[in-house]
Amino acid sequence: MKSALVSAPRIVRSIAELRKEIRAFRLAAGPEATVGLVPTMGYLHEGHASLMRRSAKENGLTVLSIFVNPLQFGPNEDFERYPRDEKRDVAVAGEAGADLIFMPQVSEMYPRPPKTSVIVSGITERLCGASRPGHFDGVGIVVSKLLHIVEPDRAYFGLKDAQQVAVVTRMVEDLNMPVEIVPCPIVRDADGLALSSRNVYLSAEERKQALSLSQTLKLVPGWIEEGANASELTRRMRERIGEQPLADIDYVEALLYPDLVPPDADRPLKDVLKNDSVLVAVAVRFGQTRLIDNILLTAEKR
Ligand code: AMP
């Protein structure tokens, strides 16, 4: 726990300076003190703030990273127009309890194009891994770099990006990285829309129709209770979301979590859930904006 006194976070732009700050903290705070890392792409909202608050509660030092990582964007994606607002981000981060904000330039993170790849197989084959080729390779390298730079005790990730949580958790396990990955619940607007930096792109009408995602996901437990298997469930979901004229569905899938493989096709999901967790995930385009949302149903027996 750190003191409740709020002080402005320190902005750090170089890896060397960040390492110096963290080393100084560890020296001063002693061996019991822990460091939490919250990796983001900025344009912060309550979802990001919830991760920082959790880290600030559990660690002596919270490092927020803000880096729009070009390697995780495809050639026709929104890297260039990804929203940025440094001043506001610093204010949000301070309120949420971040101590250090690491905001590197692309040239600091990638002085040369990396020749090393961090590829997590299997888990990346479906969902966003299928619709955004190369995306998780970009995530793998940037998260590895951040974990090596900061050497945190814990790193906080939102279940809004449940596939990312699964990928990063497995990468850390496979590579024996000495960090605990802490999954955090999805934060939503009062009307149910999952918070996302990309929500600012939505027109009023698109935003209204985008509510169909969370509204449909809310129906999932009831449909499973009625005995739906994965294909019945996803058919119903597609039908429901498809009622919105502006919705262009990318995927609707129900997969075992965290391995992200399909459950037995004919098996009612309520039977599957006796032993396995199930992720029901959607990605839908509204105009230029691709939104994702999901519900993670945990196994009865763990
Ligand atoms: P991003 O800036 O979109 O890369 O997100 C940075 C981190 O914040 C990721 O771990 C996300 O999963 C998490 N995050 C984004 N939106 C939300 C949300 N609505 N609720 C909880 N976590 C979120």
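Each value, and the rule that gives it
- Residues numbered from 1 in each chain as written.
- Predicted model: local features only at pLDDT ≥ 70, side-chain atom pairs only at ≥ 80, totals over all residues.
- Heavy atoms only, no water.
- Pairing = 2+ DSSP bridges.
- Helix = DSSP H or I, 4+ residues; strand = E, 2+ residues; numbered from the N terminus.
- Axes fitted to C-alpha atoms, helices over the stretch in contact; angles between N-to-C directions.
- Disulfide = S-S within 2.5 Å.
- Buried < 20%, exposed > 50% of the residue type's maximum accessible area, 1.4 Å probe, protein only.
- Contact = heavy atoms within 4.5 Å.
- 1 Å grid on protein atoms, 1.4 Å probe; cavity = no way out; pocket = protein on both sides within 12 Å on 5 of 7 lines; lining within 4 Å.
- Points joined across faces, edges and corners; volume = space filled by probe spheres on them.
- Nonpolar A, V, L, I, M, F, W, Y, C, P; charged D, E, K, R; others polar.
- Domains from an automatic or database assignment.
- Buried area = accessible area lost by both parts, 1.4 Å probe.
- Salt bridge = Lys/Arg side-chain N within 4 Å of Asp/Glu carboxyl O.
- Polar contact = N/O pair within 3.5 Å; in protein donor to acceptor, adjacent residues only side chain to side chain.
- Parallel < 35°, antiparallel > 145°, perpendicular 65-115°, else oblique.
- Left-handed = near helix turned anticlockwise from the far one by under 90°.
- Core = buried A, V, L, I, M, F, W, Y, C linked by side-chain atoms within 4.5 Å.

> Please clarify how the sheet that holds strand E7 (residues 247-257) should be interpreted in this entry.
Backbone-to-backbone hydrogen bonds join strands into a sheet, with any given pair of strands oriented parallel or antiparallel. Strand order across the open sheet formed by three strands is E7-E8-E9, with antiparallel pairing between neighbours. Edge positions in the sheet fall to E7 and strand E9 (289-297), since each has one partner strand and no second. Here the strands of the sheet are splayed against their neighbours by 15° on average, with no regard to which way each runs. Bridge count between E7 and strand E8 (residues 277-286): 10 bridges; the pairing is antiparallel.

> Just checking my understanding: could you explain the state of the cysteines for this structure?
As used here, a disulfide is simply a covalent bond connecting the sulfur atoms of two cysteines. Considering all chains together, one arrives at zero disulfides under this definition. Cys184 carries a free sulfur, and the closest cysteine sulfur to it, the one in Cys128, is 19 Å from it. Judged by its relative accessible area of 2%, Cys184 is buried.

> I'm lost on the sheet that holds strand E4 (residues 100-102) in this one. Help?
Reading across the sheet, the six strands line up as E1-E4-E3-E2-E5-E6 and stay open at both edges, with parallel pairing between neighbours. Two strands in the sheet have a free side with no partner beyond their single neighbour: strand E1 (10-12) and strand E6 (180-184). This sheet shows a mean twist of 25° between the axes of neighbouring strands, independent of strand direction. With six bridges joining them, strand E2 (residues 35-40) and strand E3 (residues 61-66) adopt parallel strand pairing. The residue bridging Leu37 from the neighbouring strand is Val63, located in E3. Across the sheet, helix H7 (residues 162-174) lies against strand E5 (154-158) and E6, angled at about 155° from E5, the strand it touches most.

> What exactly am I supposed to notice about empty space enclosed by the protein here?
Sizing a probe to match a water molecule and rolling it over the atoms shows the empty space that remains. For the structure shown, the criterion picks out two cavities of 30 Å³ or more. Within this model, the largest cavity holds a volume of roughly 850 Å³. In terms of lining, the largest cavity is formed by 44 residues, of which the most central are Met41, His48, Lys160, Asp161 and Gln164. Of all the secondary structure elements, the ones that give two or more residues to the lining of the largest cavity are E2, helix H2 (46-58), helix H5 (127-131), helix H6 (135-150), E5, H7, E8 and E9. The biggest single contributor to the lining of the largest cavity is H6, with six residues. Of the residues contributing to the lining of the largest cavity, the split by class is 25 nonpolar, 13 polar and six charged. A domain-level breakdown of the lining of the largest cavity finds at least three residues from each of domain 1 (10-184) and domain 2 (197-297). Reported here for the second largest cavity is a volume of approximately 60 Å³. If you trace the second largest cavity, you find it lined by Lys160, Leu193, Ala194, Ser196, Ala210, Leu213, Ser214, Leu291, Ile292 and Asp293. If you list the elements that add at least two residues to the lining of the second largest cavity, you get helix H8 (204-225) and E9.

> I'm lost on the domain arrangement of the protein in this one. Help?
Accessible area lost when the parts come together is the quantity often used to give the size of an interface. The domain boundaries assigned to the protein delineate domain 1 (10-184) and domain 2 (197-297). Contacts between the two partners involve 23 residues from domain 1, matched on the other side by 20 residues from domain 2. Regarding the contact of domain 1 and domain 2, the summed buried area is about 1,900 Å², with carbon and sulfur atoms giving 54% of it. There are two salt bridges connecting domain 1 and domain 2. Between Glu253 and Arg126 there is a salt bridge, and its shortest N-O distance comes to 3.4 Å. On inspection of domain 1 and its partner domain 2, the count reaches 11 residue pairs in polar contact (both at pLDDT 80 or more). Only H5 and H7 provide two or more residues apiece to the side of domain 1 that touches domain 2. The element contributing the most residues to the side of domain 1 that touches domain 2 is H7, with five residues.

> How do you make sense of the packing of H6 against H7 when you look at a structure like this?
Geometrically, a packed helix pair is captured by the angle between its two axes and the distance between the axes. Contact geometry of H6 with H7 gives a least axis separation of 11 Å together with a crossing angle of 55°. By the angle between their axes, H6 is oblique relative to H7. In the crossing of H6 with H7, the sense of the turn from one axis to the other is right-handed. Along the contact surface, H6 presents Phe136, Val139, Gly140, Val143, Ser144 and Leu147, while H7 presents Gln163, Gln164, Val167, Val168, Met171 and Val172.

> Can you walk me through the nonpolar core in this structure?
Note on soluble globular proteins: their nonpolar side chains tend to be buried together. If you look at the biggest cluster of nonpolar residues, it comprises 50 residues, and the most contacted ones within it are Leu18, Val63, Met109 and Leu147. When residues of this core are assigned to domains, at least three fall in each of domain 1 (10-184) and domain 2 (197-297). In this structure Val63 touches Leu18, Ile22, Val35, Gly36, Leu37, Val38, Leu100 and Val150, once residues within four positions along its chain are discounted. The next biggest cluster of nonpolar side chains, apart from the first, holds 28 residues, and it includes Leu211, Leu233, Val252 and Leu297.

> What is the right way to look at the pattern of salt bridges in this model?
Opposite charge on two side chains permits them to pair, given that their charged atoms come into close proximity. Using the criterion set out here, one finds 19 salt bridges in the structure. The residue Arg10 makes a salt bridge to Glu17 at a minimum N-O spacing of 3.7 Å. Given a relative accessible area of 44%, Arg10 falls into the partly exposed group. Here Asp174 makes a salt bridge to Arg170, at a shortest N to O gap of 3.0 Å. Of this pair, Asp174 and Arg170 both sit in helix H7, four residues apart, roughly one helical turn. Three or more residues are tied together by salt bridges with common partners; here these are Arg10, Glu17 and Glu21.

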